[in-house]
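Given next are the chains, with one letter for each unit.
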Amino acid sequence: MTTNGGAVTAAAWNWATLAIAVGTAIVAVELVRRVLRSRLIGDRWALAGPFARRCTWPGFASAVVGTVKAAYDPDMPGSGSHGFQRVLSLLLIACVTWLLIQAAYAVTDVVLDRLTRIEGERNRRARRIRTQIALVRRVSAAVVVVIALGAMLFTFPQVRALGAGLLASAGIAGVVGGIAAQSTLGNLLAGLQLAFSDALRLDDVVVVEDEWGRIEELTLTYVALRLWDERRLILPVSHFTSHPFQNWTRHESRILGSVYLLVDWSVPVEEVRAELYRALRDNPLWDQKDWTLQVTDITANGLVELRALMSAADSASAWDLRCDIREHLVTFIREKHPESLPRLRVETPVR
């Protein structure tokens, strides 16, 4: 009876020690989280906020599982099967992988946030770096997950015994896997090619499949295009390497816009040109750089074609500017020179 009582007391003590260790680990992680969120650290260290936001739950999980694994004795009474130790090992690998990925994302979040706030001439380079960082961290996360899965498998003795055979057949497996995953690998390489060739960046203005929009998301498998009417066009990454597309912000966001008017021959071109300049000068969307008005064509039905060119800081401003100027010139010609409105002349023979 004394022996059994001592065993029960020892088991209770071991479980109490395990519970205390887990509680201490949770308290330690919570203290670290509160320190990172405090003004003393958070205001001075840029990584404090992202670490606290992204790493809290992975930190709790890793601390609890790691503490249980370190303090757990599979031989203590009432502890259960020895297989629980292997389950703890698998959980610990998963939690540490989760923590590493979230920590890497926290570091890159700081960089991406700073790049997002860059405007002006440096904006194009900032968007290129944002695109590359976003793709690289996705690839890195995938690599870490694959390594973690391999580490999980090698915790089983049977898998370690098969290691030599797997390495011997790696060539055949690689060929079979390459054929099966040809499309996926093609998209992966296409995404890296687009990012590092600077052909496409986040927030670029492009025209694809006769649709105008901005690059909202660029992943290793697809590109999400936010269209002007808030629709989303989703295309595989390989589409941009195998089909032509227009990139309006390849070198800079500044763009020229045009407005075409069909008017009668009696139109006073100089007055319309002067009115165009007055309208542009008073419009905040004009970037104060380029403008002109030219007679560009005589149509088959006898009308004069006027083309007004104007520059704007970006494509969205250029669109609104074109609409404003078109409306202004139409109103000007209708009210000031109604005789210049488009008309068709018909000559009837005299009998």
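In the nomenclature of an unreviewed UniProt entry, the protein chain is known as Mechanosensitive ion channel of Microbispora triticiradicis. Of the protein chain, the UniProt comment under Subcellular location (unreviewed entry) reads exactly: "Membrane".

A. Structural detail: the overall build of the protein chain. Across its full length, the protein chain holds 12 helices and 8 strands. Here the protein chain holds 351 residues, and 34% of them are scored as buried. Restricting the contact set of the protein chain to residue pairs at least 6 apart, pairs at least 24 apart contribute 64%.

B. Structural detail: unusual backbone geometry. Backbone geometry places Glu230, a non-glycine residue, at a positive phi of 75°. Counting through the fold element by element, Glu230 comes out in the loop between strand E3 (222–227) and strand E4 (232–236). A positive phi angle is found at Gln288, which is not glycine, with a value near 65°. Looking at the element boundaries, Gln288 is found in strand E7 (residues 286–298). Under the relative-accessibility criterion, Gln288 is labelled partly exposed at 48%.

C. Seen up close, the sheet that holds E3. If you trace the 5 strands from one edge of the open sheet to the other, you get E4-E3-E2-E1-E5, paired in antiparallel fashion. The open sheet terminates on both sides in strands that have one partner only, identified here as E4 and strand E5 (246–247). Sheet analysis places strand E1 (residues 205–208) next to strand E2 (residues 211–218), joined by 4 bridges and oriented antiparallel. Considered in E2, the bridge of Val205 is made with Arg214.

D. Up close: the UniProt feature "transmembrane region" (unreviewed entry) in the protein chain. On the UniProt side, "transmembrane region" (unreviewed entry) is annotated at positions that read residues 12–33, 87–112, 133–156 and 162–181 here. In residues 87–112, helix accounts for 100% and strand for 0%; the two terminal C-alpha atoms are 37 Å from one another.

E. Structural detail: a nonpolar patch on the surface. Together, Phe84, Val87 and Leu91 make up a nonpolar patch on the protein surface, roughly 240 Å² of accessible area in all. Take Phe84: it is sitting in helix H4 (residues 83–116). Residue Phe84 is classed as partly exposed on the basis of its relative accessible area of 36%.

F. How the structure looks around the layout of surface pockets. A volume near 320 Å³ is recorded for the second largest pocket. Considering the residues around the second largest pocket, the lining is formed by 14 residues, among which Trp212, Trp248, Ser315, Trp319 and Arg322 are closest to the centre. Among the elements that take part in the lining of the second largest pocket, helix H12 (residues 315–336) stands out by supplying 6 residues, more than any other. Class assignment for the residues of the lining of the second largest pocket results in 9 nonpolar, 3 polar and 2 charged.

G. Representation of the packing of aromatic side chains in the model. Within this structure, the stated rule accounts for 4 aromatic pairs. Seen from their ring centres, Trp57 and Phe60 are 5.9 Å apart, and the 55° between their planes marks the pair as tilted. Here Phe60 and Trp57 lie together in helix H3 (residues 48–71), a separation of 3 residues that amounts to about one turn. A relative accessible area of 15% means that Phe60 is categorised as buried. Pairing Phe240 with Phe245 gives two aromatic rings, centres 5.1 Å apart and planes at 80°, and the pair type is edge-to-face. Given a relative accessible area of 5%, Phe240 falls into the buried group. Looking at Phe245, the relative accessible area reads 23%, which means it is partly exposed. Connected via pairs of aromatic rings, a cluster forms that spans Tyr277, Trp286 and Trp291. Taking the ring centre of Tyr105 as reference, the NZ or CZ of Arg137 above it sits at 4.1 Å.

Quick notes on the rules
- Residues numbered from 1 in each chain as written.
- Predicted model: local features only at pLDDT ≥ 70, side-chain atom pairs only at ≥ 80, totals over all residues.
- Heavy atoms only, no water.
- UniProt positions renumbered as here; feature names shortened; annotations may be inferred.
- Helix = DSSP H or I, 4+ residues; strand = E, 2+ residues; numbered from the N terminus.
- Buried < 20%, exposed > 50% of the residue type's maximum accessible area, 1.4 Å probe, protein only.
- Contact = heavy atoms within 4.5 Å.
- Pairing = 2+ DSSP bridges.
- Patch = residues over 30% accessible without salt bridge, like charges linked within 9 Å, V, L, I, M, F, W, Y side chains within 5 Å.
- Areas by Shrake-Rupley, 256 points an atom, 1.4 Å probe, with all protein chains shown as cover.
- Salt bridge = Lys/Arg side-chain N within 4 Å of Asp/Glu carboxyl O.
- 1 Å grid on protein atoms, 1.4 Å probe; cavity = no way out; pocket = protein on both sides within 12 Å on 5 of 7 lines; lining within 4 Å.
- Points joined across faces, edges and corners; volume = space filled by probe spheres on them.
- Nonpolar A, V, L, I, M, F, W, Y, C, P; charged D, E, K, R; others polar.
- Phe/Tyr/Trp six-rings, centres within 6.5 Å; stacked < 30°, edge-to-face > 60°.
- Lys NZ or Arg CZ within 6 Å of the ring centre and 35° of its normal.

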